[in-house]
Amino acid sequence: MDTSSPSAFVNGSLMRRYIGQKVRTVVQVIGSDVGSVVGKSTDDLQIFVKGSPPTTPTTYLEVIGIAESENSIRAEVKTNFGNNFDPLNYNELCKLANGEFKHFFI
Amino acid sequence: MYAGEFDGNAAFAGGGFMPSQSTAQAPESSSAFKNRDARTLLPLTLKQLNSVSTNGESNFSIDGVDINTVAIVGRVSRMENRITQVDFVIDDGTGCVECIRWCHERQETEEMEAVRLGMYVRLHGHLKSFQGKRSMNVFSVRPVTDFNEIVHHFTECIYVHMYNTKPRGGSVTQATETPMPQMPSTTPTPARPFQTGPSNQFSNQFNDPMHGVRQTVLNYLNRPIHLRSEAGVHCDVIARELRIPLQQVKEALEQLSNDGCVYSTSDETCFKSTANA
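Numbering of residues starts from 1 in each chain and follows the order in which that chain's sequence is written. Starting at A for chains and at 1 for ligands, labels are handed out in the order in which the entities are written. It should be noted that, the model being predicted, local features are given only for residues of pLDDT at least 70 and side-chain atom pairs only at 80 or more, the latter also being counted only at that level, while totals for whole chains, interfaces and linings use all residues. The side-chain quantities take in all heavy atoms of the structure and omit both hydrogens and water.

(A) Layout of the packing of aromatic side chains. All names here are of chain A. Stacked, tilted and edge-to-face are the three classes applied to pairs of Phe, Tyr and Trp rings, where Trp contributes its six-membered ring and a pair requires centres within 6.5 Å; stacked means planes under 30 degrees apart, edge-to-face means over 60, and tilted covers the rest. A full pass over the atoms with the stated rule returns 12 aromatic pairs over all chains. Note on Phe9 and Phe105: the rings are 5.7 Å apart at their centroids and 80° apart in plane angle, and the pair reads as edge-to-face. In this pair, Phe9 is assigned in strand S1 (residues 8-9) and Phe105 in helix H2 (residues 102-105), connecting sequence segments 96 residues apart. Both residues of the pair, Phe9 and Phe105, count as buried. Counting from the N terminus, the helices are DSSP H or I runs at least four residues long and the strands are E runs at least two residues long. With a 1.4 Å probe rolled over the protein chains alone, any residue whose accessible area is under 20% of its type maximum counts as buried; one over 50% counts as exposed, and the rest are partly exposed.

(B) Summary view of the interface of chain A and chain B. In what follows, residue pairs with any heavy atoms lying within 4.5 Å of each other are defined as contacts. Contacts between the two partners involve 25 residues from chain A and, on the opposite side, 21 residues from chain B. Buried area adds together the accessible area that both of two parts lose upon being put together, with accessible area traced by a 1.4 Å probe. Summed over both sides, the interface between chain A and chain B buries roughly 2000 Å², with carbon and sulfur atoms accounting for 67% of that surface. Counted as salt bridges are all cases of a side-chain nitrogen of Lys or Arg within 4 Å of a carboxyl oxygen of Asp or Glu. Taken together, the links from chain A to chain B amount to zero salt bridges. Residues adjacent in sequence count toward polar contacts only when both atoms are side-chain atoms; beyond that, a polar contact is any pair of N or O atoms within 3.5 Å, and within protein one must be able to donate a hydrogen and the other to accept it. Inspection of the chain A/chain B interface yields eight residue pairs in polar contact (both at pLDDT 80 or more). Mapped by element, the contributors of at least two residues to the side of chain A that touches chain B are strand S5 (60-69), strand S6 (72-80), helix H1 (87-97) and H2 of chain A. Per-class residue counts for the side of chain A that touches chain B are 14 nonpolar, eight polar and three charged. Basically, the charged four are Asp, Glu, Lys and Arg, the nonpolar ten are Ala, Val, Leu, Ile, Met, Phe, Trp, Tyr, Cys and Pro, and anything else, Gly included, counts as polar.

(C) Just helix H5 (residues 148-165) of chain B, in detail. Between the first and last residue of a helix there are one fewer steps than residues, each counted as 1.5 Å, and that sum is the expected span. The terminal C-alpha atoms of H5(B) lie 26 Å apart, and with 18 residues this matches the ideal 26 Å at 1.5 Å per residue to within 8%. With respect to burial, H5(B) is a largely interior element, 13 of its 18 residues being buried.

(D) Structural view of the sheet that holds strand S12 (residues 270-273) of chain B. All names here are of chain B. Taken together, three strands build an open sheet; the order of strands is S10-S12-S11 and the sheet is antiparallel. Edge positions in the open sheet fall to strand S10 (233-234) and strand S11 (262-264), since each of these has one partner strand only. Two strands qualify as a pair provided DSSP detects at least 2 bridges between them. Of the strand pairs in this sheet, S10 and S12 are connected by two bridges, and their pairing is antiparallel. By the bridge assignment, His234 is partnered in S12 with Cys270.

(E) A look at the environment of Val249(B). Residue and element names in this part refer to chain B. Mapping Val249 onto the fold places it in helix H10 (residues 246-258). For the pair Val249 and Val213, spaced 36 residues apart in the sequence, the C-alpha separation amounts to 7.3 Å. If near-sequence neighbours (up to four positions away) are discounted, Val249 is found in contact with Cys235, Ile238, Ala239 and Ile244.

(F) Structural view of the confidence of the model for chain B. Residue and element names in this part refer to chain B. As a per-residue measure, pLDDT reflects the predictor's confidence and takes values from 0 up to 100. Across chain B, pLDDT averages 77, with 70% of residues at or above 70. Predicted confidence is poor over residues 13-33, with pLDDT under 50, and the contacts of this stretch with residues over four places away or in other chains come to 18 contacts. Note on residues 197-205: pLDDT under 50 across the span, and 17 contacts to partners over four residues away in sequence or across chains. This prediction of the complex comes with two scores: 0.65 for pTM and 0.94 for ipTM.

Pasting the structure below:
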């Protein structure tokens, strides 16, 4: 795992700011296949995740990886975030982490 | 004034053979922070933790608050088990920090056995700096099972920063009208740094006309003489002493009782504060 650079907390619409850089986001898994996951971002956008899903994926999945485009991530690390994760809170955190309090995060 | 205080610096300084930093050098200017209220458990992002100012190997401060113990939440990105300790690296997405957890007791070993590489954990520890490099001497590691805790941690970091940097009034009148995370007391409350602990149970009470009455009644019951009394104080007495209509006092007591701030003693008319005597 690349720990040399921080990864920005993003939702679907913030991804475009970090193309080519490391990001972390949480998606609601809509579909998964060998080597890829389709998810819904916390602000209701579709995100394509390249990389195999965990063997038993839960409703919410955290993905850390490189933002390849404004709606796709090449995943380095995937972590199950369970079925009771609150996407709205996460979405608000993403806004704070890229706005007023950006200096706390990246 | 703060004689006989608990020295957290010495207690949490690690291997147990560290000289006490606070007794070795106690500059006059920082003595105001050396009271019990300043012994904070400070939630920080690792970006914050790696950028805090330092004036030595283990004296750090951020937002004007001395850092004693910090709480961080992140992923275990590297881990190495040794005979007496576990070395690991925590990555919370904002930065990384090297951590050491000494495992002398069985309970400590068991706690670390539950931690796996790639897991999200919440940890509490003492921040150290050696040759400019930050590390954590950890004394509690707990795997995160509800991932909302991660979001909560970061929002708490923001909240605590706001709390510690916003201007605060030190006068009695302001202190009683400002929602403080601590139990209110009758003595003038100096501006206190944030402490994780009893959560802000007095939020949403700004626009409530009963808030003032509740506060006054609680302050009255928090007077040392009433805290010491076994029987508590009769509501008639409270109403008479405070010159507040009995009905309002009863309402305030009922609400305070629901909030867990007071309890009735011998019968439903005598009340005592839950604060420690």
